[in-house]
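Analysis of the macromolecular model
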Amino acid sequence: MPIARSLVRLSQLWIMGRGRPAAAAILVVFSILQLSPPWLSVFEPVRLALYDEYQKVFPRLRETGPATVVAIDEDSLKELGAWPWPRDRLAALVKAIASRHPAAIGLDIYMPEPDPTSPEALAASLPENAAGLKQSLAALPAHDAILAEMLRDVPYVVLGAAGVDNQTFNTRDGLRIIAQYQFSGGNSGNARNALRKFPYVLASLPELQAAAAGQALLSNDLEKGVVRRAPLLFAVNDALVPALAMEMLRIGYGEKSIGVDMDSAGISALTVGKLHIPTQPNGEIWIHFSGHNDSRSVSAKDVLNGNAADDMLAGKLVLVGLTGIGMMDYKTTARGDFVPGIDIQAQLLESLFDQHFLQRPRWVVQAELAMLTIGGLILIWVIPGVRPRTATLLAAFLCSLLFGAGFALFYFAHVLFDAVTPFAGFGTVFVSLISSVFVKTDRDRRAAENALHKEREAAAKVAGELEAARRIQLGSLPRARQLFANERRFDIDGFLEPAREVGGDLYDFFMLDEQRLFFIIGDVSGKGLPAALFMAVAKALAKSQALRESGNVGAVLRATEVELSRENPEMLFVTVVAGILDVNSGIVELSNAGHDAPWHITRDGHARHLEIAGGPPLCVLDGYRYENTRIRLEPGDALCLITDGVTEAMNETGEFYGSERLKAVLAAPSSGMEALIAAVRGDVRRFVGNTEASDDITLLALRWSGPEDAVSVR
Amino acid sequence: MKVSLRRHGNILILSPDGRIDHAHADAFKAALDNHLGECKSGDTRIILDFADVSYMSSVGLRMLMLAARQVKAQGGRIVIAALQPLVDEVFKISRFNLVYQVFHSVDAALAELGSSI
């Protein structure tokens, strides 16, 4: 599964170094995005939306109001006739405006063809039999001539034209350029390369062009239907053509030329009269729109009727354009207002005249990059070491700082700050860091679960093995009921309860021959499996030595000790008491290797310790010669052998069970050895209560019934 | 477990304090092991001063057995002194008086060892 493997490798890369290297790589990618040109950036639409938002929050405030729109509006059309108007009426309108002494007039009206309502055009359309009428019409001046005459009389009218990319029947490939240019930092060729270029124009009749004081382009490329930027200078083939606003300002200031400042990137600024206008390299400026405002507009009808207020026109930059033919020339501004195109021209004029333009200077790009880098590094540094809550607060703080800076720069410096790319960078770095922490946590949790599972498995396995060992150990102990089912001469029983799964205690008993019973109890030093194994070996060796040695019990212990010591790498030792009972005579030979002394219980209920010969535990002193003690039991007498797990059983207060309590139970009458052991066991259990046993408990009890009067099973 | 130490000439007296059971056996063994090496023929002799040992389990007995074996192999001498009643009983039951020479007091042990240089 190569995909799964590469996914695993990817996630390892991701969580490496607490997610920091991955986040740093993301930061680098975003730095590159920040530096890439707008058309390459995936964030451009969001970026523009943010710029629009700046304008909505902080619209431009109108200051001097240098521009007035003479609107050919619904009222004008209603009163004076449908569009297009005869051009003599346009001439009348220009005259009416000029009578109020404006600074310049700009016509946002294209006139590429002769006026079809002009008298000579009407004459040409009349039938041949209307010769008289034709003649009369021909005697009248042509409308275009009237308008041209008016343009010559009013030497501050700018004709608008439109740049187009495709040739049509009424386009031209050039127009009369009136403005002159002064270049610095480059030449017209450099400027042309930087500017928006058009191969064709929809320009006015040559007759009108020749008469006009200025010629300008009115084109605007929309960005998804929205006007945000306006070019101030265009290229039409080899010629540079100013935008309407620039040409009107030039004429308004009475200048012949426009200054064009250039640097390596393209156009850096345009100068006209007193105005110095920094531009984008392609000669555009970002328009800072004001809110909707009717006060900059006056109806053409009112101007023609002489009803327009004087201050609306005197000394103003007057734009003449249509607003009344449906919504043909309506556009959406960056603020989201739906306004006539002529209104945008007026706003542009206001912006330029009040020196209030939006800019994206080169330093702002560097500031954005610095913000992205510093903020990103702070996130990478801090987030892996803090709690998610703190991390989120920090990220939120950085983002608000970012947008705060954006709005502050817009408000105070009219600078368009791109907060979007750093924001997206912060967001991605943040998500990457946080999720790598999550992935790491998840992985650790899984690992922990896995380890726990394995531990449990191993524990279960060991427990299973220990359980088996316990069964084997307890199963190796003799069962008196089966072994001596019909035995009447003696009664014997044993009991062993390991403190843990397996123990280090032992007991054993078996017949050496027809009349001799061998019995042994022992306690290996140490606990757990090592002790259990040693116990098994000791028990087996003792049995084999007992069966082999025909001599006394001391000799059995000595032989066992020698064999046991031969292979005892753990240096364990075992304490034992062993004995051989002659079941016919009641004579017992006993030997003690460092073990608790056996108890002797008389038939009339007296229990006492037996002091018997012996030596240290097996495997303490090499080759020690163990002695025996011989005693004679009366019929009904019993012996009880224990390990110290009985007397040292502890209750909750840390008190030992002790010899006295044991003695009392031993002395009490009992029906048999099984019952005696059960009684001791029960008493110890009651004493201990819920306290955990710390040592194995082992008991061996033997009662001699008396000389043979019963039949041996064997 | 704390095991304090003092010297009388070339006789080293080790005095463990407390119970020598499962929980403390390793500390007791570590203290012993530090000095058993020097306990050899013609060198240091050791007295284990058990005056402050209140209890000893079979684990402690095993430590004592191991110590005795090592010292015996090195030809050195190690004895035990001042057993409290409970420990004395353990010694008696397990016949460790066959493994260690037991003195009723440190002074008695010192007198014996000092005289047997």
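Just so it is clear, the model here is predicted, and its values are computed rather than measured.

Moving on, we come to the overall build of chain A. A count of helical and extended segments in chain A gives 22 helices and 30 strands. Over its C-alpha atoms chain A spans a radius of gyration of 58 Å, topping by over 25% the 27 Å that the globule rule assigns to 714 residues. Across its three principal directions, the C-alpha atoms of chain A cover 175 × 50 × 50 Å. Looking at chain A as a whole, 51% of its 714 residues qualify as buried. Contacts in chain A between residues far apart in sequence, at least 24 positions, make up 76% of those at least 6 positions apart. In the structure as shown, chain A presents an accessible area of about 32,800 Å², 57% of it carried by carbon and sulfur atoms.

Here we take up the domain arrangement of chain A. Taken domain by domain, chain A holds domain 1 (2–57 + 363–445), domain 2 (67–114 + 155–180 + 192–258 + 285–353) and domain 3 (476–704). Just the C-alpha atoms count here: the centres of domain 1 of chain A and domain 3 of chain A sit 80 Å apart.

Turning our eyes to something else, we now look at the interface of chain B and chain A. Residue-level contacts link 14 residues of chain B with 25 residues of chain A. Summed over both sides, the interface between chain B and chain A buries roughly 1,600 Å², with carbon and sulfur atoms accounting for 59% of that surface. On the chain B side of the contact with chain A, B:Arg62, B:Arg69 and B:Arg95 bury the most area, a combined 35% of that side's loss. Linking chain B with chain A are 1 salt bridge, by the criterion used here.

Let's shift gears to unusual backbone geometry. Residue and element names in this part refer to chain A. Of note, the amide linkage connecting Trp83 to Pro84 takes the cis form, showing an omega dihedral of -5 degrees. Within the secondary structure, Pro84 is located in the loop between α4 (74–80) and α5 (87–98). One non-glycine residue with positive phi stands out, namely Gln355, at about 55 degrees. Taking relative accessible area as the criterion, Gln355 reaches 36% and is therefore assigned partly exposed.

With that settled, consider the pattern of salt bridges. Within this structure, the stated rule accounts for 40 salt bridges over all chains. When the shortest N-O distance is used, the salt bridge between B:Asp49 and B:Arg6 registers 3.7 Å. With B:Asp49 in strand β3 (residues 45–49) and B:Arg6 in strand β1 (residues 2–8), the pair connects residues that are 43 residues apart, well separated along the chain. Here B:Asp49 falls in the buried class, since its relative accessible area comes to 8%. On the accessibility criterion, B:Arg6 (39% relative accessible area) is partly exposed. Of the charged contacts, one joins B:Arg19 and B:Asp21 as a salt bridge, the two residues approaching to 3.3 Å between their closest N and O atoms. Residue classification places B:Asp21 among the buried positions, given a relative accessible area of 14%. Via salt bridges that share partners, A:Arg60, A:Arg62, A:Arg296, A:Asp343 and A:Glu350 belong to a single interconnected network.

This part is about the nonpolar core. Core analysis: the largest hydrophobic core is formed by 86 residues, its most contacted members being A:Phe519, B:Phe50 and B:Tyr100. Of all the elements, helix α2 (residues 58–74) of chain B adds the most residues to this core, at 9 residues. For B:Tyr100, the residues in contact, after removing those within four places along its chain, are B:Leu48, B:Leu64, B:Ala67, B:Ala68, B:Ile78, B:Val79, B:Ile80 and B:Phe91. Grouped together as the second largest cluster of nonpolar side chains are 82 residues, A:Ala71, A:Leu195, A:Val318 and A:Val320 included.

Residue and element names in this part refer to chain A. Considering all chains together, one arrives at 2 cavities of 30 Å³ or more under this definition. By volume, the largest cavity is sized at about 50 Å³. In terms of lining, the largest cavity is formed by Leu217, Leu218, Ser219, Asn220, Ala230, Pro231, Phe234, Ala243, Leu244, Gln345 and Leu348. Elements represented by at least two residues in the lining of the largest cavity include exactly β9 (229–231) and α13 (341–353).

Turning our eyes to something else, we now look at the packing of aromatic side chains. Residues and elements named next belong to chain A. Inspection of every chain in the model, using the stated rule, returns 23 aromatic pairs over all chains. On the basis of an interplanar angle of 70 degrees and a centroid distance of 5.2 Å, the ring pair of Phe403 and Phe423 is categorised as edge-to-face. Linking Phe403 in helix α15 (residues 388–413) with Phe423 in helix α16 (residues 420–475), this pair joins segments that are 20 residues apart in sequence. Seen from their ring centres, Tyr657 and Phe687 are 5.5 Å apart, and the 65 degrees between their planes marks the pair as edge-to-face. Placement of Tyr657 in the loop between α20 (644–647) and α21 (658–667) and of Phe687 in helix α22 (residues 673–688) is noted, with a sequence separation of 30 residues between them. Its relative accessible area of 1% is what places Tyr657 among the buried residues. Of the residues examined, Phe687 reaches a relative accessible area of 15% and is grouped as buried.

Okay, the side chain of A:Thr171 next. Residue and element names in this part refer to chain A. Following the sequence through the fold, Thr171 ends up in the loop between β3 (157–164) and β4 (180–184). For Thr171, the side chain forms a polar contact with the main-chain oxygen of Thr168, separated by 2.9 Å. Aside from chain neighbours lying at most four places away, what touches Thr171 is Val164, Asn166, Tyr200, Val201 and Leu202.

Take the sheet that holds strand β29 (residues 638–642) of chain A next. All names here are of chain A. Across the sheet, 5 strands lie side by side as β20-β30-β29-β25-β26; this open sheet has antiparallel pairing. Since the sheet does not close on itself, it has two edges, and those belong to β20 (490–497) and β26 (607–609), each with one partner. Ignoring strand direction, the axes of neighbouring strands in this sheet form an average angle of 15 degrees. Of the strand pairs in this sheet, strand β25 (residues 599–601) and β26 are connected by 3 bridges, and their pairing is antiparallel. Opposite Ile601, over in β26, you have Ala607 as the bridge partner.

Turning to the sheet that holds strand β14 (residues 275–278) of chain A, a few remarks are in order. Residues and elements named next belong to chain A. Across the sheet, which stays open at both edges, the 4 strands sit in the order β4-β12-β13-β14 with mixed pairing between neighbours. Whereas interior strands pair on both sides, the edge strands pair on one side only; in this sheet they are β4 and β14. Shown here is a sheet whose adjacent strand axes are inclined to one another by a mean of 25 degrees, direction ignored.

A separate point is the pairing of strand β7 (residues 214–217) of chain A. All names here are of chain A. Residues Gly214 and Ala216 point to one face of β7 and Gln215 and Leu217 to the other, with burial holding for every one of them. Both β3 and β7 contribute to a ladder of 4 bridges, which runs parallel. Each residue of the ladder has a partner; that of Gly160, found in β7, is Ala216.

Turning our attention to the environment of A:Leu352. Residues and elements named next belong to chain A. Assignment of secondary structure puts Leu352 in helix α13. Classification of Leu352 as buried rests on a relative accessible area of 0%. Placed 89 residues apart in sequence, Leu352 and Thr441 show a C-alpha to C-alpha distance of 59 Å. Ignoring anything within four residues of it in the chain, the contact list for Leu352 reads Leu232, Ala245, Met246, Leu249, Leu275, Ile277, Ile285 and Phe357.

Now for α21(A). All names here are of chain A. For α21, the full list of buried residues reads Gly658, Leu662, Val665 and Leu666. Looking straight down α21, one finds that the buried residues subtend no more than 100 degrees of arc, so they occupy a single side. Along α21, the residues that are exposed and aim more than 90 degrees away from the buried face are Glu660 and Ala664. Structurally, α21 contributes buried residues whose contacts are with β25, β26, β29, α20 and α22.

All names here are of chain A. Together, Ile3, Leu7, Leu10, Leu13 and Met16 make up a nonpolar patch on the protein surface, roughly 520 Å² of accessible area in all. Mapped onto the elements of the fold, Ile3 is located in helix α1 (residues 2–15). Given the relative accessible area of 64%, Ile3 is considered exposed.

Here is what the cut-offs are and how they apply
- Residues numbered from 1 in each chain as written.
- Chains lettered and ligands numbered in written order.
- Predicted model: local features only at pLDDT ≥ 70, side-chain atom pairs only at ≥ 80, totals over all residues.
- Heavy atoms only, no water.
- Helix = DSSP H or I, 4+ residues; strand = E, 2+ residues; numbered from the N terminus.
- Rg over C-alpha atoms; globule rule 2.2 N^0.38 Å.
- Buried < 20%, exposed > 50% of the residue type's maximum accessible area, 1.4 Å probe, protein only.
- Contact = heavy atoms within 4.5 Å.
- Areas by Shrake-Rupley, 256 points an atom, 1.4 Å probe, with all protein chains shown as cover.
- Domains from an automatic or database assignment.
- Buried area = accessible area lost by both parts, 1.4 Å probe.
- Salt bridge = Lys/Arg side-chain N within 4 Å of Asp/Glu carboxyl O.
- Core = buried A, V, L, I, M, F, W, Y, C linked by side-chain atoms within 4.5 Å.
- 1 Å grid on protein atoms, 1.4 Å probe; cavity = no way out; pocket = protein on both sides within 12 Å on 5 of 7 lines; lining within 4 Å.
- Points joined across faces, edges and corners; volume = space filled by probe spheres on them.
- Phe/Tyr/Trp six-rings, centres within 6.5 Å; stacked < 30°, edge-to-face > 60°.
- Polar contact = N/O pair within 3.5 Å; in protein donor to acceptor, adjacent residues only side chain to side chain.
- Pairing = 2+ DSSP bridges.
- Axes fitted to C-alpha atoms, helices over the stretch in contact; angles between N-to-C directions.
- Arc of directions from axis to C-beta.
- Patch = residues over 30% accessible without salt bridge, like charges linked within 9 Å, V, L, I, M, F, W, Y side chains within 5 Å.

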